[in-house]
Amino acid sequence: MPERRRIAIVPARNEEAAVGRVVEELRAFDPELDVLVIDDGSEDATAASAAAAGAAVVSLPFNLGIGGAVQTGFKYALEHGYGTVIRLDGDGQHDPQEIPQLLGPLARGEADVVVGSRFAGGNGDYRPPFARRVGIRWFARLVSLLTRQKLTDTTSGFQAVNARAIRLFAADYPHDYPEVEAAVMVVRHRLRILEVPVRMRGRETGASSITVLRSLYYAIKVTLALLVGIFRRRVVPLEEG
Amino acid sequence: MTPLFVSIAASIASVLLILVVLELIRSRRLRERYALLWLATGVVLLVLSVWRGGLNTIAGWVGVTGYPPAVLFAVATLFILAVLLHYSTVISKLADQNVILAQKLALLEQRLGAGEKR
């Protein structure tokens, strides 16, 4: 089998100030890497600044939310036959220099989904505000319980996934805080998920799109989705072996 | 005091509502986002049905002295109104998005058609 191509997918909403640099850094990191920016209904020049930096751009006609935007990327990857997707945020908090850490386990066939974790391996200089820390811990516990595997950073959007996981995510991807539910989905489909420690940068520009009340709403919603999700049928049949 | 039979019947109805909503989520016919209000309705009604003393107290607060289960109907009605109002906003958003999609599709089709004629 010929080596299949890799693509970086970058969801971005109103990130005109940051997304151009993200794309440039990705291209500087690996000129062979294709870069797709999914402009999730931005009102600013996100699409133009991504395109100017040399990315392919898909502009959604209105805001779909992070899950819908990322899934658009997985569908694109599936349609164009990419073998690996690297997923990172459009705000610049994920450093392309860390990508090799994510690709290693994929290349060695140790996992189907590799998640860059701010907490794994104890490089814990990241201390989020209290409310967020509670949420992060709650989901880490719950997801670890449901997957019977220790996961520490279930909301991390810095991931690399192989062709099997691309197929799954193109068929079904959750909506809000999609990584949390996706981790459980992955394990239910007997794919392997693995965390590797990475460093993340602070947000360069823009404000995080999350307020306290909304976080509480999302926490309840995602918890409900996780618990009901256990009883769902699989969307993609299990593979042999 | 709420008659025991009314309390039991209302509890069964609330549990059924919760189970139906959960099954709809499981089978992907209802998104979690739109199920939360229904679940809240079910849980509140269940609590008020089971907890007869509580229903009595609340009935006293709002001046319902004759028949406490009337409060149950009032609460159910309020929640149903909330759900309906919520769905009206959801439908409005869908209608807006539908217009955007139709316009975008028509513009794309026109562009494709223009390309063919050339």
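See the structure above.
Remember, it's a predicted structure, so these values are computed and weren't measured experimentally.

(A) View of the overall build of chain B. Looking only at helices and strands, chain B has four helices and zero strands in total. Ordering the α and β elements of chain B from the N terminus gives α-α-α-α. What you see for chain B is a C-alpha radius of gyration of 23 Å, clearly larger than the 13 Å of a compact globule of 118 residues, by over 25%. With the C-alpha coordinates of chain B rotated into their principal frame, the extents come out at 80 × 30 × 15 Å. Here chain B, with 118 residues, has 16% of them falling under the buried criterion. Taking as baseline every contact in chain B between residues at least 6 positions apart, the subset at least 24 positions apart corresponds to 64%.

(B) Quick peek at the overall build of chain A. Counting its secondary structure elements, chain A contains eight helices and seven strands. For 241 residues, the compact-globule estimate of 2.2 N^0.38 gives 18 Å, and chain A sits close to it at 17 Å. When contacts within chain A are restricted to residue pairs at least 6 apart in sequence, long-range pairs at least 24 apart make up 76% of them.

(C) The nonpolar core, seen in detail. By size, the foremost hydrophobic cluster in this structure holds 66 residues, and its most contacted members are A:Ile9, A:Val10, A:Leu36, A:Val37, A:Val85 and A:Val113. In this structure, A:Leu36 is in contact with A:Ile7, A:Ile9, A:Val10, A:Ala55, A:Ala56, A:Val58, A:Gly73 and A:Tyr76, ignoring residues within four places of it in sequence. Counting seven residues, the second largest nonpolar core, distinct from the first, contains B:Ala10, B:Leu45, B:Leu48 and B:Val71.

(D) The packing of helix H7 (residues 178-188) of chain A against helix H8 (residues 212-229) of chain A, seen in detail. All names here are of chain A. Where H7 meets H8, the closest approach of the two axes is 10 Å, and the angle between their N-to-C directions is 10°. On the basis of their axis angle, the class for H7 and H8 is roughly parallel. Here Val180, Glu181, Val184 and Met185 of H7 come into contact with H8, specifically with Val222, Ala225, Leu226 and Gly229. Partitioning the contact of H7 with H8 into residue classes produces six nonpolar, one polar and one charged.

(E) Highlighting the packing of helix H5 (residues 130-147) of chain A against H8(A). All names here are of chain A. Remark: H5 packs on H8, axes separated minimally by 11 Å, with the N-to-C direction vectors making an angle of 5°. When the axes of H5 and H8 are compared, the pair comes out roughly parallel. Contacts between H5 and H8 involve Ala131, Gly135, Trp138, Leu142 and Leu146 from the first element and Val212, Ser215, Ala219, Thr223 and Leu226 from the second.

(F) Focus on the interface of chain B and chain A. With 10 residues of chain B at the interface, the matching set in chain A holds nine residues. Put simply, the parts of the chain that give the side of chain B that touches chain A at least two residues each are helix H1 (4-26), helix H2 (32-50) and helix H4 (69-117) of chain B. Here the side of chain B that touches chain A takes four residues from H4(B), the largest share from any one element. Looking at side-chain class alone, the side of chain B that touches chain A contains five nonpolar, one polar and four charged residues.

(G) Fine view of the pairing of strand S5 (residues 113-117) of chain A. All names here are of chain A. Summarising burial for S5: five of the five residues are buried, a large majority. Alternating residues of S5 divide into Val113, Val115 and Ser117 and Val114 and Gly116, and every residue in both groups is buried. Judged from the three bridges that link them, S5 and strand S6 (residues 159-162) form a sheet pairing that is antiparallel. Across the sheet, Val113 pairs through a bridge with Val161, a residue of S6. The pairing of S5 with strand S7 (residues 193-197) spans five bridges and is parallel. Among the inter-strand pairings, Gly116 is bridged to a residue of S7, identified as Val196.

(H) Seen up close, the environment of A:Glu16. Residues and elements named next belong to chain A. Looking at the element boundaries, Glu16 is found in helix H1 (residues 16-29). The class for Glu16 is buried, based on 20 C-beta atoms found within 10 Å. Placed 33 residues apart in sequence, Glu16 and Ser49 show a C-alpha to C-alpha distance of 6.0 Å.

(I) Broad picture of the sheet that holds S7(A). Residues and elements named next belong to chain A. Pairing within the open sheet is mixed, and its seven strands lie in the order S3-S2-S1-S4-S6-S5-S7. Because the sheet does not close on itself, it has two edges, and the strands there are strand S3 (56-59) and S7. Neighbour-to-neighbour, the strand axes of the sheet open up by a mean angle of 20°, direction not taken into account. As paired elements, strand S2 (residues 34-39) and S3 share four bridges and run parallel to each other. Looking at S3, one finds that Asp39 is bridged to Ser59.

Cut-offs applied
- Numbers given to residues run from 1 along each chain, matching the order in which its sequence is written.
- In the order they appear in the text, chains get letters beginning with A and ligands get numbers beginning with 1.
- For a predicted model such as this one, the threshold for reporting local features is a pLDDT of at least 70, and the threshold for listing and counting side-chain atom pairs is 80 or more; totals across whole chains, interfaces and linings nevertheless cover every residue.
- Strands here mean DSSP runs of E at least two residues long; helices mean DSSP runs of H or I at least four residues long; both are numbered from the N terminus.
- For a compact globule the rule gives 2.2 Å times the number of residues to the power 0.38, and the radius of gyration it is set against comes from C-alpha atoms.
- In this scheme every C-beta is placed from the backbone, and a residue whose C-beta has 20 or more other C-beta atoms within 10 Å is buried, one with 12 or fewer is exposed, and one in between is partly exposed.
- Our contact criterion uses C-beta atoms placed from the backbone: two residues qualify when those atoms are within 7 Å.
- In these notes, a nonpolar core means any group of buried Ala, Val, Leu, Ile, Met, Phe, Trp, Tyr and Cys residues linked to one another through C-beta atoms within 7 Å.
- To define axes, lines are fitted to C-alpha atoms, for helices over the stretch in contact only, and angles between the resulting N-to-C directions are given on a 0 to 180 degree scale.
- Oblique is the label for any angle not under 35 degrees, not over 145, and not in the 65 to 115 range, which are roughly parallel, roughly antiparallel and roughly perpendicular in turn.
- Residues are grouped as follows: Ala, Val, Leu, Ile, Met, Phe, Trp, Tyr, Cys and Pro are nonpolar; Asp, Glu, Lys and Arg are charged; every other residue, Gly included, is polar.
- Here, any two strands with at least 2 DSSP bridges between them count as paired.

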